[in-house]
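Each chain, letter by letter, is given below.
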Amino acid sequence: MQVEEYNLIKREVLTLTGIDLNFYKDAQMQRRLNTFLLRSKHDSWQNYFRAIRTDSAELRKLKDYLTINVSSFFRDTEKYKTLKEKVLPELLDGHPRLRVWSAGCSRGQEPYSIAMLLAELTGDFRRHYILATDLDRSALDIAQAGGPYTDDDVAHVAPAFRQQYFLTRDGKHWVSNDLKRRITFRQQNLLADRFETNFDLIICRNVVIYFTAPVKDKLYQDFYRALRPGGVLFVGGTEIVPKATTLGFRPAGISFYRRNGKI
Ligand SMILES: C[S@@+](CC[C@H](N)C(=O)[O-])C[C@H]1O[C@@H](n2cnc3c(N)ncnc32)[C@H](O)[C@@H]1O
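Sequence order sets the numbering: in each chain, residues are counted from 1 along the sequence as written. Only residues with pLDDT of at least 70 get local features here, since the model is predicted, and only at 80 or more are side-chain atom pairs given and counted; chain-wide, interface and lining totals rely on the full set of residues.

A look at the overall build of the protein chain
- Secondary structure elements are defined from DSSP: runs of H or I of at least 4 residues count as helices, runs of E of at least 2 residues count as strands, and each element is numbered from the N terminus. The helix and strand tally for the protein chain stands at 11 helices and nine strands.
- As a reference, a globule follows 2.2 Å times the number of residues to the power 0.38, and the radius of gyration itself is taken over C-alpha atoms. Taken against the 2.2 N^0.38 rule, which gives 18 Å for 263 residues, the C-alpha radius of gyration of the protein chain at 19 Å falls within 12% of a compact globule.
- Considered along the principal axes of its C-alpha atoms, the protein chain spans approximately 60 × 50 × 25 Å.
- Within the protein chain, residue pairs in contact and separated by at least 24 positions form 74% of the contacts whose partners lie at least 6 positions apart. Residues are scored as being in contact if the C-beta atoms we place from backbone atoms lie within 7 Å.

Following this line, the structure appears as structure tokens:
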């Protein structure tokens, strides 16, 4: 893709969707854009942008495609095991009401997984605050509606949790109202909007992989500030926080980083 063409796309995308592609890795994003145009019925970006100015459904498709919201319940089961057996019990010790944030929560699979674990560990999970945010409105709409989820989405949900928290209708799965009410969903751009603070646990998994290195560094600094001392950042299976110790984190197992200070 030519530089001028990419600059034009970035300007149009920012105006139409509010997404600033300058924060995303160029090569990866250009590959995605090329695939998107090939799949659309338009032969050039000029024609595409002309058409979507008056077609909100098409515009939504572009937004969905750019934000890449693949997820599932208990994605990466080993890490959720560590979370349940080590990280959450340590956090709960002396802090019975946890503040948890799922940043880039997609369709809600991640915050609902955490809510189920907290329910199992602490019985009454109503006392915890679970914030779940994402940039993508369509993903959040599904999260807030509690579904529908596919068989693949729920493949790693334990049978006891399935029985307690899910309803299945016409081959699709929905989470119970009880679970739904426990999460605060909010639309938020991690690269532009203000963060709440004093979290015990921040989960940001498979979101920053698309961001440039400086954007990632700034985001990890912001997460550090949003954690309470002793709070934990939980990242994706293939992600490593660069210069973690310089930032003030210490490793707390693979994919977990603890903010320095009293637990
Ligand atoms: C691949 S999904 C990850 C979902 C979940 N965290 C997981 O690991 O299963 C990435 C999510 O990040 C969201 N996202 C991308 N850029 C974002 C931004 N700037 N602010 C907030 N969310 C963003 C996308 O909308 C998408 O839902």
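Let's talk about the nonpolar core
- For our purposes the nonpolar core covers buried Ala, Val, Leu, Ile, Met, Phe, Trp, Tyr and Cys residues that link as a set through C-beta atoms within 7 Å. For every residue, the other C-beta atoms within 10 Å of its own C-beta are counted; 20 or more classify it as buried, 12 or fewer as exposed, and values in between as partly exposed. C-beta atoms are placed from the backbone. One finds A115, L201, I202, C204, F223 and L233 to be the most contacted residues of the largest nonpolar core, which totals 53 residues.
- The contact partners of L201, leaving out residues within four places of it in the chain, are L91, L98, V100, G231, V232 and F234.

What about the pairing of strand 9 (residues 256-259)?
- Strands qualify as paired when DSSP identifies two bridges or more between them. Direction of pairing for strand 7 (residues 227-235) relative to strand 9: antiparallel, over a ladder of three bridges. Bridged to V232 within strand 9 is R258.
- Of the strand pairs in this sheet, strand 8 (residues 249-251) and strand 9 are connected by three bridges, and their pairing is antiparallel. Bridging from a neighbouring strand, F249 pairs with R259 of strand 9.
- In this antiparallel pair of consecutive strands, strand 8 and strand 9, the connection spans four residues, and G253 shows a positive phi of 100°.

Structural notes on the domain arrangement of the protein chain
- Either an automatic procedure or a domain database provided the assignment from which the domain bounds are taken. Structurally, the protein chain comprises domain 1 (3-67) and domain 2 (77-259).
- Here the element with the most residues in the side of domain 1 that touches domain 2 is helix 4 (residues 56-67); it accounts for four residues.
- The nonpolar class holds Ala, Val, Leu, Ile, Met, Phe, Trp, Tyr, Cys and Pro. Asp, Glu, Lys and Arg form the charged class, and all remaining residues, Gly among them, are polar. Looking at the side of domain 1 that touches domain 2 residue by residue, the class counts come to two nonpolar, two polar and five charged.

Details of the site of the ligand
- Placing a C-beta atom from the backbone of each residue, we mark the residue near a molecule or strand if the atom is within 6 Å of it. Around the ligand there are 21 residues in total, and T67, N69, S71, G104 and S106 lie nearest to it.
- Of the residues contributing to the shell around the ligand, the split by class is seven nonpolar, nine polar and five charged.

Notes on the pairing of strand 4 (residues 172-175)
- Only one face of strand 4 is covered, namely the face carrying H173 and V175; the face carrying K172 and W174 is uncovered.
- Of the strand pairs in this sheet, strand 3 (residues 166-169) and strand 4 are connected by four bridges, and their pairing is antiparallel. Residue pairing for strand 4: R169 is matched across the bridge by K172.
- Hairpin connection, strand 3 to strand 4: the antiparallel pair is bridged by two residues, and D170 has positive phi, about 50°.

Observations regarding the packing of helix 5 (residues 77-92) against helix 6 (residues 109-122)
- Look at helix 5 against helix 6: their axes get within 11 Å of each other, and the N-to-C directions meet at 60°. When the axis of helix 5 is compared with that of helix 6, the two are oblique. For the pair helix 5 and helix 6, the sense of crossing is right-handed. Packed against helix 5, whose contacting residues are Y80, L83, K84, L88, P89 and L92, the element helix 6 presents S113, L117, L121 and T122 at the interface.
- Taken together, the residues of the contact of helix 5 with helix 6 sort by class into seven nonpolar, two polar and one charged. Only the stretch in contact is used when fitting a helix axis, every axis being a line fitted to C-alpha atoms; angles between N-to-C directions are given from 0 to 180 degrees. Here is the rule for angles: anything less than 35 degrees is roughly parallel, anything more than 145 is roughly antiparallel, 65 through 115 is roughly perpendicular, and the remaining ranges are oblique. The hand of a helix crossing depends on one turn: near helix anticlockwise from the far one by less than a right angle means left-handed, and clockwise means right-handed.

Considerations on helix 6
- For a helix, the expected span equals 1.5 Å multiplied by the residue count minus one. In this model, helix 6 (14 residues) spans 20 Å end to end at C-alpha, consistent with the 20 Å of a helix rising 1.5 Å per residue.
- Here helix 6 has its buried residues at Q109, E110, P111, Y112, S113, I114, A115, M116 and L118.
- Just downstream of helix 6, G123 is the residue with a positive phi angle, here 70°.

Some words on the sheet that holds strand 5 (residues 183-187)
- Within the open sheet, the seven strands sit side by side as 5-2-1-6-7-9-8. Their pairing is mixed. In this open sheet, the two strands that pair with only one neighbour each are strand 5 and strand 8. Across the sheet, the mean angle separating the axes of adjacent strands is 20° when strand polarity is ignored.
- Pairing analysis gives five bridges linking strand 2 (residues 129-134) to strand 5, with the strands arranged parallel. If you follow A132 over to strand 5, its bridge partner there is F185.

Brief notes about the environment of G104
- Following the sequence through the fold, G104 ends up in the loop between strand 1 (99-103) and helix 6.
- G104 gets classed as buried once you count the C-beta atoms within 10 Å, which come to 24.
- For G104, the contacting residues outside a window of four places in its chain are D134, L190, C204 and V207.

A word on the environment of H95
- Within the secondary structure, H95 sits in the loop between helix 5 and strand 1.
- A C-alpha to C-alpha distance of 8.6 Å links H95 and D200, two positions 105 residues apart in sequence.

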